[in-house]
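What the coordinates show
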Amino acid sequence: MTQTRDDNVTWLTQEAYDRLKSELDHLSGPGRIEIAEKIEAAREEGDLKENGGYHAAKEEQGKMEARIFQLTELLRTAKVGGETHTEGVVSPGMTITVKFAGDDEEITFLLASREESGAPIDVYSPRSPLGSAINGKRVGEKVEYELPNGKTLGVEIIDAVPYNGM
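Here's a quick rundown of the structure.

Quick notes on the rules
Residues numbered from 1 in each chain as written. Predicted model: local features only at pLDDT ≥ 70, side-chain atom pairs only at ≥ 80, totals over all residues. Heavy atoms only, no water. Core = buried A, V, L, I, M, F, W, Y, C linked by side-chain atoms within 4.5 Å. Buried < 20%, exposed > 50% of the residue type's maximum accessible area, 1.4 Å probe, protein only. Helix = DSSP H or I, 4+ residues; strand = E, 2+ residues; numbered from the N terminus. Pairing = 2+ DSSP bridges. Salt bridge = Lys/Arg side-chain N within 4 Å of Asp/Glu carboxyl O.

Attention now goes to the nonpolar core. Within the largest apolar cluster, 16 residues are counted, with the highest numbers of intra-cluster contacts made by Leu 12 and Leu 20. Listed by contribution, the elements that provide at least two residues to this core are helix H1 (14-43) and helix H2 (52-76). Judged by nonpolar contacts, the second largest core, of 15 residues, contains Val 90, Leu 111, Leu 130 and Val 155.

Listed below in structure tokens is the structure:
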């Protein structure tokens, strides 16, 4: 999955869309029935103030409802397919190869949202410090970005090609 610069649209591969849709269908159908049964069974055990099973089931229900809401919104604004990519220019949905300053080793990763975590390669978010520093840059460019510890690190963009699902 990739996100455009417009935060209202999320680009998904067909595989990611299908996986997320399947998760939503399960959670909003059988998942809700299962959690309602757990709550009812715990409720029948007696005093709700002292009932750990009841509180755990209610907490699980809250997390599930939050995930249902998240998936519903994500899929509502999703576009299946991909952005138009210019080969050699870094953008979400591309396989990026970089080399860090002072290191000869190259790393390759998919610049995409964490919902694409099923990808067979590492996924870096476009909103991460590295992702936001290289987004829109061209192969051959060198940029610096700030690490979470406040230090600065340089990186050179070696390659940027559309992700092909490897």
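On to the sheet that holds strand E7 (residues 142-146), then. Here we have five strands laid out as an open sheet, ordered E6-E5-E4-E8-E7, and mixed in their pairing. Two strands bound the open sheet, and with one partner strand each, they are strand E6 (123-124) and E7.

Another aspect to go through is the pattern of salt bridges. Enumeration over the complete set of coordinates arrives at seven salt bridges. Among the ionic pairs, Lys 63 bridges to Glu 59, the shortest N-O distance being 3.4 Å. One end of the pair is Lys 63 and the other is Glu 59, both in helix H2 and four residues apart, which spans about a single turn. On the basis of relative accessibility, which here comes to 57%, the residue Lys 63 falls in the exposed class. Since its relative accessible area comes to 48%, Glu 59 is described here as partly exposed. The residue Glu 73 makes a salt bridge to Arg 76 at a minimum N-O spacing of 2.7 Å. Taken together, the residues span about one helical turn, with Glu 73 and Arg 76 both in helix H2 at a distance of three residues.

Let us now look at the pairing of strand E8 (residues 152-162). Relative to E8, strand E4 (residues 94-100) is paired through seven bridges, and the arrangement is antiparallel. Residue pairing in the sheet places Thr 95 in a bridge with Val 161 of E8. As paired strands, E7 and E8 are joined by five bridges and run antiparallel to one another. Bridge pairing links Tyr 145 to Leu 153 in E8.

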